[in-house]
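Structure assessment
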There are 4 protein chains.
Amino acid sequence: MGRPSNQFQRKKQIVDALLAVMATTGYENASINAIAKHAGLASGLVHYHFKNKQAILVELVNLLDDTAQSRYQDLKLNASDPKQKLSAFIDSALALGQGSNQHAVAAWVMIGAESIRQEEVREIYQTVVKKNLSELQLLIRNYSKENDKKLTKKTIENIATIVYGSIEGSYQLASTASEIIPKNYAAKALKNMLFALLDAGTDVII
Amino acid sequence: MGRPSNQFQRKKQIVDALLAVMATTGYENASINAIAKHAGLASGLVHYHFKNKQAILVELVNLLDDTAQSRYQDLKLNASDPKQKLSAFIDSALALGQGSNQHAVAAWVMIGAESIRQEEVREIYQTVVKKNLSELQLLIRNYSKENDKKLTKKTIENIATIVYGSIEGSYQLASTASEIIPKNYAAKALKNMLFALLDAGTDVII
Amino acid sequence: MGRPSNQFQRKKQIVDALLAVMATTGYENASINAIAKHAGLASGLVHYHFKNKQAILVELVNLLDDTAQSRYQDLKLNASDPKQKLSAFIDSALALGQGSNQHAVAAWVMIGAESIRQEEVREIYQTVVKKNLSELQLLIRNYSKENDKKLTKKTIENIATIVYGSIEGSYQLASTASEIIPKNYAAKALKNMLFALLDAGTDVII
Amino acid sequence: MGRPSNQFQRKKQIVDALLAVMATTGYENASINAIAKHAGLASGLVHYHFKNKQAILVELVNLLDDTAQSRYQDLKLNASDPKQKLSAFIDSALALGQGSNQHAVAAWVMIGAESIRQEEVREIYQTVVKKNLSELQLLIRNYSKENDKKLTKKTIENIATIVYGSIEGSYQLASTASEIIPKNYAAKALKNMLFALLDAGTDVII
DNA sequence: TATGAATGAGTATTCATTCAT
DNA sequence: CATGAATGAATACTCATTCAT
């Protein structure tokens, strides 16, 4: 009957290794050999499980998105009103620096840059962005609805986009300038700014 | 006597070529050959003018910073009060998409990623970040002072950082997801959000 | 499971190729491509087995030393008294020109020159020199002891060094001036000169 | 009438620079640029004065030989009998380490290695060797004649060759192993060995 | 599944030499 | 004579990918 399949475990091992290696070396410099060594596997095995190097990256993008999603879902469970849900989104995204997610944050920045030049990566990256923008728009709409604000679709889009951009930018700064930026500023500062805007008179918001 | 020097012109040519090439291919994939070809030069000449590839990148970072600076200085000339000056900063940074600066924006994103792994690049990158954060803090302080708000140093730092992060994040989104984000949303949305915060009661801001 | 290792065989193949190529072209001009071609291998494989070109050279120095050692040990087996042992050393070192060791001699001269500028090579080279000087000093001491001569440590050192220098110099002449120097002069001439000195009155020797 | 020619001075400057540079880097790594910089000249000027790099090396070989010759001629002036003349040859050749001739010695070793692979260099190198061997043979013949020893031509050749080889070998050891060999051993040790041989009964010498 | 040897194209960098000024 | 910019071939080394075992 042959040995039991361990495809899943091996793939995870390899993707994790790519994450670790590319967080410090970048994607181009994360050689298959380095990835294999980090995973404790023979280099040939990497290509047995993945058609090519790009396929590992694609898998990594999915992994990072899944992780972020589940973190958000967890936090959302305890959120009862729209404001708390919006906060949950931002908090889950910007709980930077704690745990081993510094690697993930650095890798995400690299992926962002990589998606400029790799079509397939860009597609998945955009899918993730789109999903997050949609979720943010929904959360913002619900929040403003509850507060009896009537925001146009366009306004909500703009706000969601700048908020999501702020999150991505915080990743960038956390990875490249952590010594010169405040600690743990991001989530709170972004929430304050966002709610100040949403709570202001509608004439302010465009 | 002897051949006249044209170092300055050639160096500019090469740096410009790196900008153009890496905007679409990334730094690693911007081969010296590709750069030379784009500049219409022999590949050996690139190394005659630059010690190594990294030196070109360093020069490019300086160039991009200089360009951004002068754009800001220009806009600031017409700004008479603190609010206008703060606006000038954001406008000069986020006047994306117009002119040939799409390349510059994409390159800047690549540089951000590259600075995670190249010490020397990171240092210059951080210098630029630091300078911008300082300027932003000054502008915010002046604005709040004029409005009789007393913000703590820490608060000003946090606000400046999230604002600068938003700018960097907008570059990221503009480069990788321009099809799925609103057009020209960034400057206005960020300014609205920022001033909503700064104009809110001090109890809101921390 | 998996492909059987042949590292040992391949490494030998590559080192042998370096020997052959550098004997006629020098180290700098022994390109990895030339070495690979001579060994019948793909150029990339050379770097799969050796970290860099210098590592091959280091391995070659060791190989040449090993070969010389075993030649000496073989000859020493048939030597019963101190004089014969001393002769065995010189004979094993200066049995030039016969067999395929012309390449080895030329390569050794190149290595000597190379060790002036490559630290790591110089270290191994010096180790080999030191070992040979020690052995020569021991042989000379034993010989003079048997002949009731009392030579100072310093005298023995000096003699050993000039003898070893003569050997190295003979390699040089054999490689660069073989047409204009006598055939097979070296071992006999050096032995005659050395024993004339050692057998002379102690007043002669200093 | 144009400016006065300084060809001679310039050529000397360049040859001296090659000597200095190649003493530490080897011939292959002594780039024209490095030579020019060391000489304080523009790189193009080097090729104005020398057809190619090899021509500088050829000139250097001649320079080193001339220097050695004049040192020998100086010492020979004070030598009145054959023994003193023979000593003068060895002394002039082995006055190592003093003055700035360490560079010259190292360069000579490099030239020896280089002459294995460069035909033209080998030819000059051999000319120098031949001249020195002839002189040594003459000196040995005169010495033995005075002492009423009748040495065959072959014997004299052999002795001259091993003596000259010893000199070359001493250069090698002085350049690559100076830390582990005695100081100033060479001239005295070689002379003792040589005269012990020449003064021994003719039955010893073959 | 797994190993690790093998390939060959690609990359940054160096450098002798030429040439415009 | 002199400068130094320009060329283009050569070189060590890297690496994704393939393949024999």
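Summary of the structure given here.

Basis of the calculations
Residues numbered from 1 in each chain as written. Chains lettered and ligands numbered in written order. Predicted model: local features only at pLDDT ≥ 70, side-chain atom pairs only at ≥ 80, totals over all residues. Heavy atoms only, no water. Helix = DSSP H or I, 4+ residues; strand = E, 2+ residues; numbered from the N terminus. Buried < 20%, exposed > 50% of the residue type's maximum accessible area, 1.4 Å probe, protein only. Contact = heavy atoms within 4.5 Å. Areas by Shrake-Rupley, 256 points an atom, 1.4 Å probe, with all protein chains shown as cover. Lys, Arg positive; Asp, Glu negative; His and termini not counted. Charge placed at Lys NZ, Arg CZ, Asp CG, Glu CD. Near = heavy atom within 4 Å. Polar contact = N/O pair within 3.5 Å; in protein donor to acceptor, adjacent residues only side chain to side chain. Nonpolar A, V, L, I, M, F, W, Y, C, P; charged D, E, K, R; others polar. Salt bridge = Lys/Arg side-chain N within 4 Å of Asp/Glu carboxyl O. Phe/Tyr/Trp six-rings, centres within 6.5 Å; stacked < 30°, edge-to-face > 60°. Lys NZ or Arg CZ within 6 Å of the ring centre and 35° of its normal. Least-squares fit on C-alpha atoms with pLDDT ≥ 70 in both. Expected span 1.5 Å × (residues − 1). Buried area = accessible area lost by both parts, 1.4 Å probe. Axes fitted to C-alpha atoms, helices over the stretch in contact; angles between N-to-C directions. Parallel < 35°, antiparallel > 145°, perpendicular 65-115°, else oblique. Left-handed = near helix turned anticlockwise from the far one by under 90°.

**A word on the overall build of chain A**
Along chain A, the regular secondary structure elements total nine helices and zero strands. For chain A, the α and β elements follow one another from N to C terminus as α-α-α-α-α-α-α-α-α. For the C-alpha atoms alone, the extent of chain A along its principal axes is close to 65 × 45 × 30 Å. Here chain A, with 206 residues, has 53% of them falling under the buried criterion. Residue pairs in contact within chain A that sit at least 24 positions apart in sequence constitute 70% of those at least 6 positions apart. Per element, the accessible surface of chain A, about 9,600 Å² overall, is 52% carbon and sulfur. Within chain A, one finds 24 positive and 20 negative side-chain charges whose respective centroids are separated by 3 Å.

**Considering the protein's contact with DNA strand E**
For DNA strand E, the set of nearby residues contains 38 residues, the closest of which are K53 of chain B, R3, R10 and Y48 of chain C together with I32 of chain D. Counting only the atoms of DNA strand E that lie within 4 Å of the protein, the sugar and phosphate share comes to 65%. Between DNA strand E and K53 of chain B, the relevant distance is 2.8 Å, taken from a phosphate oxygen to a main-chain nitrogen or oxygen of the residue. At 3.1 Å from a phosphate oxygen of DNA strand E is found a side-chain nitrogen or oxygen belonging to H49 of chain C. Of all the elements in the fold, those that place two or more residues in the surface near DNA strand E are α1 (7-25) and α3 (43-49) of chain A together with α1 (7-25) and α3 (43-49) of chain C. Top contributing element to the surface near DNA strand E by residue count: α3 of chain A, with five residues. For the surface near DNA strand E, the residue count by class is 12 nonpolar, 19 polar and seven charged.

**So, the pattern of salt bridges**
For the structure shown, the criterion picks out 32 salt bridges over all chains. Between E157 of chain B and K153 of chain B there is a salt bridge, with the nearest N and O atoms lying 3.2 Å from each other. Placement of the pair is E157 of chain B and K153 of chain B together in helix α8 (residues 153-176), with a separation of four residues, close to one helical turn. Between K131 of chain C and D65 of chain C there is a salt bridge; the shortest N-O distance is 2.5 Å. In this pair, K131 of chain C is assigned in helix α7 (residues 119-146) and D65 of chain C in helix α4 (residues 53-77), connecting sequence segments 66 residues apart. Here the salt bridges share partners, and the residues they tie into one network are E28, E114 and R117 of chain A.

**Details of the packing of aromatic side chains**
Tallying each qualifying case throughout the model produces 12 aromatic pairs over all chains. For K83 of chain A, the ring lying beneath its charged end belongs to F195 of chain A, and the centroid distance is 4.6 Å.

**Topic: the relation of the copies chain C and chain D**
With an axial shift of 0.1 Å and an RMSD of 0.2 Å, the rotation relating chain C to chain D amounts to 180°. Taken together, the rotation and translation relating the two chain copies correspond to the operation of a two-fold axis. With an isologous cut-off of 70% or more, the 100% of interface residues of chain C that recur at the interface of chain D puts this contact in the isologous class.

**Focus on helix α5 (residues 82-94) of chain A**
With 13 residues, α5 of chain A should reach 18 Å at 1.5 Å per residue; the first-to-last C-alpha distance of 18 Å fits that figure. Those residues of α5 of chain A that fall on the buried side of the exposure criterion are P82, L86, S87, A88, F89, I90, S92, A93 and L94 of chain A.

**So, the protein's contact with DNA strand F**
Close contacts around DNA strand F come from 39 residues, with I32 of chain A together with R3, Q7, R10 and Y48 of chain B the closest. H47 of chain A places a side-chain nitrogen or oxygen 3.1 Å from a phosphate oxygen of DNA strand F. One of the backbone nitrogen or oxygen atoms of I32 of chain C is found 2.9 Å away from a phosphate oxygen of DNA strand F. When contributions to the surface near DNA strand F are tallied by element, the ones reaching two or more residues are α1 (7-25) and α3 (43-49) of chain B, α3 of chain C together with α1 (7-25) and α3 (43-49) of chain D. Examining the composition of the surface near DNA strand F, we find that five residues originate from one element, α3 of chain D, more than from any other. When its residues are assigned to classes, the surface near DNA strand F shows 12 nonpolar, 20 polar and seven charged.

**Observations regarding the interface of chain A and chain B**
Interface size is often expressed as the accessible area that is lost when the parts come together. At the junction of the two partners, chain A supplies 54 residues and chain B supplies 54 residues. Roughly 4,300 Å² is buried in total at the junction of chain A and chain B, and carbon and sulfur atoms are behind 71% of that figure. Among the residues of chain A in contact with chain B, I116, I162 and M193 of chain A are the three that bury the most area, contributing 16% of the side total. There are 13 residue pairs in polar contact (both at pLDDT 80 or more) connecting chain A and chain B. Elements with a contribution of two residues or more to the side of chain A that touches chain B: α1, α6 (101-117), α7 (119-146), α8 (153-176) and α9 (186-199) of chain A. The element that contributes the greatest number of residues to the side of chain A that touches chain B is α8 of chain A, accounting for 16 residues. Per-class residue counts for the side of chain A that touches chain B are 28 nonpolar, 17 polar and nine charged.

**Quick word on the packing of α6 of chain A against α7 of chain A**
Residue and element names in this part refer to chain A. Orientation of α6 relative to α7, taken along the N-to-C sense of each, is 125°, at an axis distance of 7 Å. By the angle between their axes, α6 is oblique relative to α7. Crossing of α6 over α7 shows left-handed handedness. Of α7, the residues touching α6 (which contributes W108, I111, G112, S115, I116 and R117) are E119, V121, R122, Y125 and V128. Here the contact of α6 with α7 is built from residues that sort into six nonpolar, two polar and three charged.

**Topic: the interface of chain C and chain D**
Chain C puts 54 residues into the contact, and the matching count from chain D is 54 residues. Surface buried jointly by chain C and chain D totals about 4,300 Å² across both partners, of which 71% is contributed by carbon and sulfur atoms. Across the chain C-chain D interface, the total number found is zero salt bridges. On the surface where chain C and chain D come into contact, there are 13 residue pairs in polar contact (both at pLDDT 80 or more). Broken down by secondary-structure element, the contributors of at least two residues to the side of chain C that touches chain D are α1, α6 (101-117), α7, α8 (153-176) and α9 (186-199) of chain C. The biggest single contributor to the side of chain C that touches chain D is α8 of chain C, with 16 residues. Taken together, the residues of the side of chain C that touches chain D sort by class into 28 nonpolar, 17 polar and nine charged.

**Digging into the packing of helix α5 (residues 82-94) of chain B against helix α7 (residues 119-146) of chain B**
All names here are of chain B. Remark: α5 packs on α7, axes separated minimally by 8 Å, with the N-to-C direction vectors making an angle of 155°. Judged by the angle between their axes, α5 and α7 are roughly antiparallel. Crossing handedness for the pair α5 and α7: left-handed. Across from P82, K83, K85, L86 and F89 in α5, the residues of α7 making contact are N132, E135, L136, L139, I140, N142, Y143 and E146. Along the lines of polarity and charge, the residues of the contact of α5 with α7 split into seven nonpolar, two polar and four charged.

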